[in-house]
Amino acid sequence: MTRGTQWECTSCGATAPLARPRHFSSSTYAAACLTCNGVGTRQVPNPHKLIIHPEKPLTDGAMYSPGFFPNGYLGKPFNGGYYQVLALGQHYGFDRTRRRGMR
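Scoring rules and cut-offs
Position numbers for residues count from 1 along each chain, tracking the sequence in the order it is written. Only residues with pLDDT of at least 70 are given local features in this predicted model, and only at 80 or more are side-chain atom pairs given and counted; all residues enter the totals for whole chains, interfaces and linings. With hydrogens and water stripped out, all remaining heavy atoms of the structure feed into the side-chain values. Each patch is assembled from residues with relative accessible area greater than 30% and no salt bridge, linking like charges that lie within 9 Å and nonpolar side chains (Val, Leu, Ile, Met, Phe, Trp, Tyr) that lie within 5 Å. Accessibility throughout is a Shrake-Rupley quantity obtained with a 1.4 Å probe, and a residue counts as covered only by protein chains that appear here. Just to be clear on terms, a salt bridge is a Lys or Arg side-chain nitrogen sitting within 4 Å of an Asp or Glu carboxyl oxygen. Helix and strand assignments follow DSSP, with helices taken as H or I runs no shorter than four residues and strands as E runs no shorter than two, numbered in order from the N terminus. A 1.4 Å probe rolled over the protein chains alone gives each residue an accessible area, and that area as a share of the maximum for its type sets the label: buried under 20%, exposed over 50%, partly exposed in between. Aromatic contacts are taken between Phe, Tyr and Trp rings whose centres are within 6.5 Å, Trp giving its six-membered ring; a plane angle under 30 degrees counts as stacked, one over 60 as edge-to-face, and the others as tilted. Pairs of residues are marked as contacts when any of their non-hydrogen atoms sit within 4.5 Å. Values of pLDDT, which run from 0 to 100, indicate the predictor's confidence residue by residue. Here, nonpolar core refers to any group of buried Ala, Val, Leu, Ile, Met, Phe, Trp, Tyr and Cys residues whose side-chain atoms link them within 4.5 Å.

1. Details of a nonpolar patch on the surface
Link 1 in the chain: A cluster of nonpolar residues, L88, Y92 and F94, forms a patch on the protein surface that exposes about 320 Å² of accessible area.
Link 2 in the chain: Tracing the chain through its elements places L88 in helix α3 (residues 82–92).
Link 3 in the chain: For L88, a relative accessible area of 43% translates into the label partly exposed.

2. Concerning the packing of aromatic side chains
Link 1 in the chain: Tallied over the full model, the rule gives two aromatic pairs.
Link 2 in the chain: Centre to centre, the rings of F78 and Y83 are 6.3 Å apart; their planes meet at 70°, and the pair counts as edge-to-face.
Link 3 in the chain: For Y83, a relative accessible area of 41% translates into the label partly exposed.

3. Things to note about the environment of Y64
Link 1 in the chain: Secondary-structure assignment places Y64 in the loop between α1 (47–50) and α2 (70–75).
Link 2 in the chain: When the C-alpha positions of Y64 and I51 are compared, they lie 6.2 Å apart, and in sequence the two are 13 residues distant.
Link 3 in the chain: Residues contacting Y64, with those up to four places away along its chain left out, are K49, L50 and I52.

4. Things to note about the environment of A14
Link 1 in the chain: Among the secondary structure elements, A14 is positioned in the loop between β2 (6–8) and β3 (15–17).
Link 2 in the chain: Along the sequence, A14 and T35 sit 21 residues apart, while their C-alpha atoms lie 6.4 Å from each other.
Link 3 in the chain: Ignoring sequence-local partners within four residues, the contact set of A14 consists of W7, E8, C9, C33 and T35.

5. Things to note about the confidence of the model for the protein chain
Link 1 in the chain: Per-residue confidence for the protein chain averages 75 on the pLDDT scale, and 73% of its residues sit at or above 70.
Link 2 in the chain: Mean pLDDT across the secondary structure elements of the protein chain bottoms out at strand β1 (residues 2–3), with 58, and peaks at α3, with 87.

6. Some points on the nonpolar core
Link 1 in the chain: Among the nonpolar cores identified, the biggest contains five residues, and these are L58, A62, M63, L74 and V85.
Link 2 in the chain: When near neighbours in sequence (up to four residues on either side) are disregarded, M63 contacts L50, I51, I52, L58 and L74.

Structure representation (structure tokens):
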């Protein structure tokens, strides 16, 4: 939807300057909405969908983990999430191997 010299995304309400004809090319995203990337939705984290068993430790089934095993990815050194969760635990004062609320 256009309003004078502004374009407004009808899905999320973001506004941007009108794109010039050269922007409408299959090889550029210059005309796409910068807020929703032209798809009409925004990705917003939802902790309730991520932590499905808060009574369990992070490395033993607390998180929803399609396609990988949290104990391996989060619980063993040299895997992608191990050091990130270790640093978060040290910073925020939790133990990734124990149940929530325990130290």
